[in-house]
Amino acid sequence: MACFEAVLADEYYEKIEIEQFWAASLTDAKSASKVLKSLRDCLPLAKSLQHVKRIRRVENDGHVPVLQVLLCSTTDLLDLPISDCKSLLESHNISCELFSEFSCVGVPAVAPLTMEQWTTGSRSWPCAFHEDKKVTKIREGRLFSSQELQYVTSCMRTAIDAAKHARTHGKPPIGAVLADPVQLKVLSVGLDSSTAPMHGSASHCHALKHAVMMCIDDLARQQGGGAWPENQCCDVLNTFRKSVSPSAQSSDSVRRSAAASYLCTGYDLFTTQEPCVMCSMALVHSRIGRVFYGTSYPSLGGLGTMFNIHCQPGVNHHFDVYRHVCQEQCQQLWTDT
C-alpha cells in the first residue's frame, strides 16, 4: 500500500508561541459578567488573540476554586511592575478591589491549527480550537481509500516508467504524469527535455522543457493550445507517449469547455521528483488540483523543500501536495545503472 505524507504550510508544524499577560482572580465570582464587559470595552484583546478565552477556573493557593481573568498583555505595560497594571485598571474606572492575586500567565499567541497545538496551548491558558477535519485526516493518514491509494500508486509507476525510458536514452531520470482522479485515467505524460540526450539530436531541447512543463503543455495541446507542437517534442518523449494506453492521448477525454474548467482544474500531477520553483508556479497558473511526488529536490524544490508555493498566502490558487510516493523506487532512478 502507498505510504506518503502531506506537505502542509509551515504553521501546521510550528510550536505554539506563548505571550505573557497580567491576570488576576476575582474576589467575587458573581461579578464575572460585569468585569468581562468592562474589560472587553476598555481593554479588548487584540484581533490576533480572539482565540484566547478571557476567563478560566483555577484553584488558588488554598486549593479553593476561583475565577481568573486576563487583564492585559505585559507588553502593553513595557514589563513594568504590577502597580502599573493596577493604575491602568483604575484609569479605565475598573476598581482593583474586584481582583486579588495578580500574576503573570502565559497564553497561546496564535490560534491552534492542529490538535497537538491546541493541547500544548491549552496547558498555558484555555483557547478555542476549530478543527479542520480534512487536515486531521491528512495528518493521521486517513484521507485516501484503498482504491484511491491504488490509483496514486499506479499513476506514479507510469511516471517512474517514463523516467526509466528517459534514463535509457541518456536523459535525466525524471518522469511526470497528469491524470483525472474521477475517470482514473492518465491524460498526459512528460519527461525532462531540458538537456540533449547523450546520443542524439539536441534540436528539440529547451531549458524550459522540464518534465512537469512538458506534461502541462501536452495537456494544453490536447485542449487546443500548447506552446510546443508535437513535432517539436523530442523523439524520446514521443516514443514513450505512444507506448502509453490510447486513453492517455485521447483529446476527447480532456477537451472541456472553458466555462467548466481551466487547463488542469481538478486534475492530479504525479512526478518522480519534486517540481522546481518554475514548475511549481506553472502548476499554480494551470490550476492543478493535487500534486504527488516521489523524491525531494534539495536545492530548488518549490513544494516543500525550499518553498511552499502551493500554500503561499499571496498566490491566487492553492492546491494539495503529497510527497514520498513510491519514494524508494524514485530514489533508485538516480542510482541504478
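A quick note: this is a predicted structure, and the numbers were derived from the prediction, not measured. (Residues numbered from 1 in each chain as written. Predicted model: local features only at pLDDT ≥ 70, side-chain atom pairs only at ≥ 80, totals over all residues. Heavy atoms only, no water.)

### Observations regarding the pattern of salt bridges
- Scanning the entire structure with this criterion turns up nine salt bridges.
- Between R323 and E5 there is a salt bridge whose closest N-O contact spans 2.6 Å. Residue R323 is found in strand β10 (residues 320–323), and its partner E5 is found in strand β1 (residues 5–6); the two are separated by 318 residues along the sequence.
- Given the relative accessible area of 17%, R323 is considered buried.
- Given the relative accessible area of 33%, E5 is considered partly exposed.
- The shortest N-O distance in the salt bridge between R221 and D218 comes to 2.8 Å. Here R221 pairs with D218, and both are found in helix α6 (residues 211–222), just three residues apart, close to one helical turn.
- A residue is classified by how much of its surface remains accessible, and D218, at 3% relative accessible area, is buried.
- Among the charged side chains, a network of salt bridges with common partners joins D217, D218 and R221. (Salt bridge = Lys/Arg side-chain N within 4 Å of Asp/Glu carboxyl O. Helix = DSSP H or I, 4+ residues; strand = E, 2+ residues; numbered from the N terminus. Buried < 20%, exposed > 50% of the residue type's maximum accessible area, 1.4 Å probe, protein only.)

### Focus: the pairing of strand β9 (residues 290–295)
- A large share of β9 lies buried, amounting to six of its six residues.
- Note: strand β8 (residues 268–273) against β9, five bridges, orientation parallel. In the sheet register, F270 faces β9, and the bridge partner there is F292.
- With respect to chirality, the unit in which β8 leads through helix α8 (residues 277–285) into the neighbouring parallel β9 is right-handed.
- Pairing analysis gives four bridges linking β9 to β10, with the strands arranged parallel. (Pairing = 2+ DSSP bridges. Right-handed = clockwise from strand over helix to strand, strands pointing away.)

### A closer look at the side chain of S25
- Relative to the helices and strands, S25 is located in strand β2 (residues 18–26).
- Here S25 is in contact with V66, L67, Q68, L98, F99, S100 and E101, once residues within four sequence places are set aside. (Contact = heavy atoms within 4.5 Å.)

### Observations regarding the sheet that holds strand β5 (residues 99–108)
- Sheet architecture is open: four strands sit in the order β3-β4-β2-β5, paired in antiparallel fashion. Of all the strands in the sheet, just β3 (55–59) and β5 have a single pairing partner and so form its edges. When strand polarity is set aside, the average angle formed by the axes of neighbouring strands in this sheet is 40°.
- Bridge analysis of β2 against β5 gives eight bridges, and the strand direction is antiparallel. The partner of F21 across the bridge, within β5, is V105.
- Where helix α1 (residues 32–42) meets the sheet, its contacts fall on β2, β3, β4 (65–73) and β5, and the angle it forms with β4 comes to roughly 10°. (Axes fitted to C-alpha atoms, helices over the stretch in contact; angles between N-to-C directions.)

### Brief notes about the sheet that holds strand β7 (residues 185–191)
- With mixed pairing, the six strands of this open sheet are ordered in space as β1-β10-β9-β8-β6-β7. Pairing within the sheet leaves two strands with one partner each, and these edge strands are β1 and β7.
- Across four bridges, the pairing between strand β6 (residues 175–180) and β8 is antiparallel. From the neighbouring strand, A176 faces β8, where its bridge partner is T271.
- Here α6 sits on the sheet in contact with β6, β7 and β8, set at roughly 130° to β7.

### Notes on the nonpolar core
- In this structure, L269, L283, I288, V291, L303 and F319 are the most contacted members of the largest nonpolar core, which totals 29 residues.
- Per-element accounting of this core gives the leading share, seven residues, to α6.
- Residue contacts for F319: discarding those within four places in its chain leaves S280, L283, V284, I288, G289, V291, L303 and H310.
- Judged by nonpolar contacts, the second largest core, of 28 residues, contains A6, Y12, A159 and L333. (Core = buried A, V, L, I, M, F, W, Y, C linked by side-chain atoms within 4.5 Å.)

### Comments concerning the packing of aromatic side chains
- Under the counting rule described, the total for this entry stands at ten aromatic pairs.
- Ring centres 6.0 Å apart and planes at 90° place the aromatic pair F4 and F292 in the edge-to-face group. Taken together, the positions of F4 in the segment before β1 and F292 in strand β9 put the pair 288 residues apart, joining distant regions of the chain. Like F292, F4 is buried.
- Here Y151 and F270 contribute two aromatic rings whose centre-to-centre distance is 5.6 Å and whose plane-to-plane angle is 85°, an arrangement assigned as edge-to-face. (Phe/Tyr/Trp six-rings, centres within 6.5 Å; stacked < 30°, edge-to-face > 60°.)

### Remarks on the packing of α6 against α8
- Interaxial distance between α6 and α8 falls to 9 Å at its minimum, and their mutual angle equals 25°. Considered as vectors, α6 and α8 are oriented roughly parallel to each other. The two elements α6 and α8 meet at a crossing, and its hand is left-handed. Side by side, α6 and α8 meet where V212, M213 and I216 of the first sit next to M278, C279, A282 and L283 of the second. (Parallel < 35°, antiparallel > 145°, perpendicular 65-115°, else oblique. Left-handed = near helix turned anticlockwise from the far one by under 90°.)

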